[in-house]
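# Analysis of the macromolecular model
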Amino acid sequence: MKTELLYLVYVTVLTGLLWVPYILDRIATWGLTAAVGYPAQSAWARRLMKAHANNVENLVVFAALVLAADALEVSNSAIATAAMVYFWARVVHVIAYTSAIPWVRTLAFAVGFFAQAVIAWQILAK
């Protein structure tokens, strides 16, 4: 499997699992019966929900770029590296967002954006 496709899977799995901690917080805070409603949540859980939504939004762009590169048979070390950087930037973004560390969160978001831009440039330059 190409590195960029592997990291697309990693980003998808990360995004797919981000809901688990905030649901567990909801159950721990309110109990299972109340958790199926709309109870208030811990501040960190609310931030994680926002980080999860941001990951979903950015996964669309990242996946489209990686899949377009694959379909067009554009694969090189720049794309592979950008995919790895993107994944780790998203991990840092989630941790920083959940932990309320705004400058780190913003920097991680920017790094992820530029990683996507590298992939887009590699596709367009071909």
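Right, let's walk through the structure included here. On a predicted model such as this, the values are computed, not experimentally measured, just so you know.

### As for helix H2 (residues 19–30)
- With 12 residues, H2 should cover 16 Å at 1.5 Å per step; its first-to-last C-alpha distance of 17 Å lies within 8% of that length.
- Along H2, the residues that are buried comprise Tyr 22, Asp 25 and Arg 26. Along H2, the residues classed as buried sweep out an arc of 100 degrees about the axis, all on the same side. Along H2, the residues that are exposed and aim more than 90 degrees away from the buried face are Leu 24 and Ala 28.
- Residues of H2 that are buried make contact with helix H3 (32–35) and helix H4 (43–71).
- Note on H2: the residue one or two positions beyond its end, Gly 31, has a positive phi of about 90 degrees.

### Describing the side chain of His 52
- Residue position: His 52 is located in helix H4.
- What makes His 52 buried here is its relative accessible area of 13%.
- Leave out the neighbours within four places in its chain, and His 52 touches Thr 15, Leu 18, Trp 19 and Tyr 22.

### Comments concerning the environment of Gln 41
- Turning to its location among the elements, Gln 41 is positioned in the loop between H3 and H4.
- Reaching out from Gln 41, the side chain makes a polar contact with the side chain of Arg 26 at a distance of 3.1 Å.

How each quantity is defined
- Residues numbered from 1 in each chain as written.
- Predicted model: local features only at pLDDT ≥ 70, side-chain atom pairs only at ≥ 80, totals over all residues.
- Heavy atoms only, no water.
- Helix = DSSP H or I, 4+ residues; strand = E, 2+ residues; numbered from the N terminus.
- Expected span 1.5 Å × (residues − 1).
- Buried < 20%, exposed > 50% of the residue type's maximum accessible area, 1.4 Å probe, protein only.
- Arc of directions from axis to C-beta.
- Contact = heavy atoms within 4.5 Å.
- Polar contact = N/O pair within 3.5 Å; in protein donor to acceptor, adjacent residues only side chain to side chain.

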